[in-house]
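A structural walkthrough
This is what each chain is made of:
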Amino acid sequence: MPSDIPEKPALEGLEAHWGDIWEREGTYAFDRARAVELGKDSVFAVDTPPPTASGSLHIGHVFSYTHMDLAARFQRANGKVIFYPMGWDDNGLPTERRVQNYYGVRCDPTLPYDASFTPPQEGGEGTSGKAADQVPISRRNFVELCERLTVEDEKKFEELWRTLGLSVDWAQTYRTISDESQRTAQRAFLRNLARGEAYQADAPTLWDITFRTAVAQAELEDKEMPGAYHRVSFHKPDGGTIDIETTRPELIPACVALVANPEDERYKPYFGTTVRTPLFGVEVPVLAHPLAQIDKGSGIAMICTFGDVTDVVWWRELSLPTRPMLGFDGRVMSEPPAGIDSDEQRALYAELAGKTVFSAKARMVELLTESGDLIGEPRPITHPVKFFEKGDKPLEIVTTRQWYISNGAKDEDLRSRLLQRGEQVDFHPDFMRVRYENWVSGLNGDWLISRQRFFGVPIPVWYPLDGDGNPVFDKPIVPAEDQLPVDPSSQPAPGYTDDQRGVPGGFVGEVDVMDTWATSSLTPQIAGKWGEDDELWNLVFPYSLRSQGQDIIRTWLFSTVLRAELEHGVAPWAHAGISGFIVDPDRKKMSKSKGNVVTPQGMLDEHGSDAVRYWAASSRLGTDAAFDPENPKQIKIGRRLAIKVLNAAKFVYSFAHTDGAPVTEPLDVDMLRRLAEVVRVATDSYEQFDHARALETTEQFFWTFTDDYLELVKERAYRDASPEQASAVAALRLAIDVFLRLLAPVLPFATEEVWRWTHDGSIHVAPWPTVNEIPVSGASSGLLDLCGTALIGIRGAKTEAKASQKTPVTSGTVTGPALLAEAKDDLAAVGRIAELTLVESDEVAVRDIVLDETAE
RNA sequence: GGGCCUGUAGCUCAGUUGGUUAGAGCGCCACGCUUACACCGUGGAUGUCGGGGGUUCGAGUCCCUCCGGGCUCACCA
């Protein structure tokens, strides 16, 4: 039953009130039976980004999730069956780090499980984060804490999304660490493996020494770091020297060659000869390679294994040996690399062993200075250095065995297929496709998916051990798909028993887990229950819409396209809606490290969800939005609009109305014609994912409706029953009905509140308004606009006289086109003009206004 | 250095296929508690459309060039 119209409508409390009712009524539930009946074309499936559970949601999330919700709500109103799940990305490094800080613990996989373990602290966000202050615990204890904390975090996230009014079906929630997700991720991996798309390689790998894990190209970030050029002498056999410049003199023991440009006349004579490294006297060749830049440093560089990614290229293309000297912890290894053999050299190396890169460099500079091999003073510079985006120490490059998935970097056929899939996706805005294409075109290595971490989806393989107890990596043992998910570090390999673990002739389990993106790239498959529920899967895949921020095109968007191409050979969605990001008043991107992040809960509490949604909806896809938490202008405007909707509707519903009364008065007809045009534009805009234009058009006419039309006709609407009175009220009520539905995606709470005053069901399952339900046709006569202009004149005259707008007018004249006569009575009424004279003219003007001074 | 986006009123932004005097909201100034709304209403002022050049009868809109801002990739000896 429709509810009573409150005395004083307010926004406060609407979120909780209607949120509960929507949940109870299943307003947003995926109607599977209907989808089955109507077929896949009736389904609008949204592939939603799972936010990092252990991170915090910020205002930028609200921004892009609202954009996604607007599209879903529009499609729902248009009769689509909406599949709108929500997921949480809870596996991975961010969770581990948060658990470490929150509980003051650290995972040490060598420790046994302690069933009675209680963490030393809870909620200690302010701790040092230093390993020394953390209690080492077993992997199983650690994973338990991860589970515990993410469940808590996810509850808070869901609360926030519900408050914001996302029309998600909360029965479709998924977690990337759940058994189902693990099964999906492992199944997809095994199929990649079977097709040869997943493989292992023992190769130089970008390595984070803090987290002690490999990282992928997509996770790199450059940071400007101070450094210094050191000019160092290498010794020619004839006693002369060749001077190189390096920022990493500590890597001299790892030097395998010098390299200069083949065109460089200065070094041409030395190509093919050898020199000896300073201090250690290791003999290394002088080689030519086009990547060496003539004008950089001294034009000749030392190649170490490995100082940077260029070293890797040289090492590979020049077939050089490996002389590693840094361990997984970023410290100089105790055993010197090959070539450092004599006691003297080894003693020198021992001075560096165990030191961090920083300390080793300092000691090396002292040693080089003593030996006279350092020419002049080091010259300080700042230069970009590669970091793991979540790390705070520069990456090192170490050689390790890792798992990769081919991504087109080394396979032109795959690369062109991925580009083709990109063309098949409708990007909104369209230019965002270029970012995808740039990324695909610029890939220079396959996707490294193994991580030496603990809280993630295990890579589902084991390795047999040979007679000496060495793993046979190229003969991995894989589980059957119906055994998934598996944890090779705690379960025996198929065909083996637990006591064969680690013994010659037995097996070992892979200990690595997958990169988070290797799971979240499968969100369509996880939410659509690929391989588990064929009926559902066929209804939702490929999805209709992927909605996300522009910052994760290279990671999430790309990896999703890749997995869909490898497994299904299609683009995973028809549309990709890309939201811009939020910048602070100084136009700086909001990010945690800059400390300018705004948490959304306070904004929602203070201004109301509709207001915050209005702010998000008023920005087009792909454009960045400025946001000043101290003065959230757009939010305040949205709040004003929502309040206006409540009040205007309440006012309209206060007039006596006759059911089925026809709209006959020219002004009423003209308002409805204008409204029909608004419906046309708004619908067209939403269809093109241009919610901002739909909102702007609707909002603008809504204000004309309340400020001009409603003012013009309210006197008539108050009168006793008559065809003119009934016409006004019929037009008013019809307009409100249409406005509410046009605004419902943006203001789901205020519009629902009003809708239920006169309707039984939810506005959010009501059909989208069409021009067919507006009982007038033809283009606007312009009458409403003319009246609006005349109104401004009348009001201006009163303002000029410093009189109240209600001051009666004895007489006045309005000039304008003859059409104005059709609204003469309304004009006279709104201006309280006793004697109104109309004079025909091209220009609308108001003159000779005589105020009734006796009316005090 | 490459690619993409962007520069319109003090602020945030609209400006459709080039077409009269360039728009909105906020803010500002003035006025008004007008039988829905003071979480309000009414009126008003405000711009070399980043600079320069070109195409055109006509350019905020198209082309070239320069300058500024942002994102991104690359470079990293």
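Heads up: these notes are all about the structure in this document.

Reading the values: rules and limits
Residues numbered from 1 in each chain as written. Chains lettered and ligands numbered in written order. Predicted model: local features only at pLDDT ≥ 70, side-chain atom pairs only at ≥ 80, totals over all residues. Heavy atoms only, no water. Helix = DSSP H or I, 4+ residues; strand = E, 2+ residues; numbered from the N terminus. Buried < 20%, exposed > 50% of the residue type's maximum accessible area, 1.4 Å probe, protein only. Contact = heavy atoms within 4.5 Å. Areas by Shrake-Rupley, 256 points an atom, 1.4 Å probe, with all protein chains shown as cover. Lys, Arg positive; Asp, Glu negative; His and termini not counted. Charge placed at Lys NZ, Arg CZ, Asp CG, Glu CD. Pairing = 2+ DSSP bridges. Polar contact = N/O pair within 3.5 Å; in protein donor to acceptor, adjacent residues only side chain to side chain. Near = heavy atom within 4 Å. Salt bridge = Lys/Arg side-chain N within 4 Å of Asp/Glu carboxyl O.

To continue, consider the overall build of chain A. Along chain A, the regular secondary structure elements total 24 helices and 29 strands. Taken along the three principal axes of its C-alpha coordinates, chain A extends 115 × 65 × 55 Å. The buried share of chain A, taken over its 856 residues, is 54%. Expressed as a percentage of contacts within chain A between residues at least 6 apart in sequence, the contacts between residues at least 24 apart total 77%. Surface accessibility of chain A: about 36100 Å² in total, with carbon and sulfur atoms responsible for 50%. Charged side chains of chain A number 88 positive and 130 negative; the gap between the two group centres comes to 2 Å.

In space, the four strands of this open sheet follow the order E8-E7-E16-E18, with antiparallel pairing throughout. A single partner strand is all that each edge strand has here, and the edge strands are strand E8 (213–214) and strand E18 (447–448). Where strand E7 (residues 198–208) lies against strand E16 (residues 396–405), ten bridges are found, and the strand directions are antiparallel. Counterpart to Asp202 in the pairing with E16 is Arg401.

So, about the environment of Ala692. Relative to the assigned elements, Ala692 resides in helix H20 (residues 691–718). Expressed as a C-alpha distance, the spacing of Ala692 and Asn78, which sit 614 residues apart in the sequence, is 18 Å. What Ala692 contacts, discounting residues up to four positions off in sequence, is Ala617, Ser618, Ser619 and Arg620.

On to the side chain of Glu245, then. Examined against the element boundaries, Glu245 turns out to sit in strand E10 (residues 241–246). For Glu245, a relative accessible area of 14% translates into the label buried. At a separation of 3.0 Å, a polar atom in the side chain of Glu245 contacts the side chain of Arg231. Polar contacts involving the side chain of Glu245 include one to the side chain of Arg379, which spans 2.7 Å.

Let us look at helix H24 (residues 824–831). Within an α-helix, residues lying three or four positions from one another point in the same direction, as the helix has 3.6 residues per turn. Summarising burial for H24: six of the eight residues are buried, a large majority. Of the positions making up H24, those classed as buried are Asp826, Leu827, Ala828, Ala829, Val830 and Gly831. Tucked into the core, H24 has its buried residues touching helix H19 (666–687), H20, helix H23 (783–800), strand E27 (809–816) and strand E28 (833–840). The positive-phi residue at the C-terminal boundary of H24 is Arg832, with phi of around 55°.

What follows concerns unusual backbone geometry. With an omega dihedral of -5°, the bond running from Thr305 to Phe306 counts as a cis peptide bond. Checked against the element boundaries, Phe306 lands in the loop between strand E14 (300–304) and helix H7 (309–317). Of note in this structure, Asp848 is not a glycine but carries a positive phi near 60°. Following the sequence through the fold, Asp848 ends up in strand E29 (residues 845–851).

On to the protein's contact with RNA strand B. Of all residues adjacent to RNA strand B, which total 51 residues, the nearest are Glu245, Pro384, Lys386, Arg620 and Ile643. Counting only the atoms of RNA strand B that lie within 4 Å of the protein, the sugar and phosphate share comes to 65%. In this structure, a base oxygen belonging to RNA strand B sits 3.2 Å away from a side-chain N or O atom of Glu715. Here a sugar or linking oxygen of RNA strand B sits 3.3 Å away from a polar atom, N or O, in the side chain of Gln805. Sorting the residues of the surface near RNA strand B by element identifies strand E9 (220–235), E10, strand E15 (374–388), helix H11 (432–442), helix H18 (633–653), H20 and H23 as the ones contributing at least two each. Here the surface near RNA strand B gets nine residues from one element, more than from any other, and that element is H18.

Pairing between side chains of opposite charge can happen when their charged atoms approach one another. All told, the structure shown has 55 salt bridges when counted by the stated rule. A salt bridge links Arg140 to Glu144, with the shortest nitrogen-to-oxygen separation between them at 3.9 Å. Here the residue Arg140 and the residue Glu144 both occupy positions in helix H5 (residues 139–164), the gap between them amounting to four residues, near one helical turn. On the basis of relative accessible area, Glu144 is assigned to the partly exposed category, the value being 35%.

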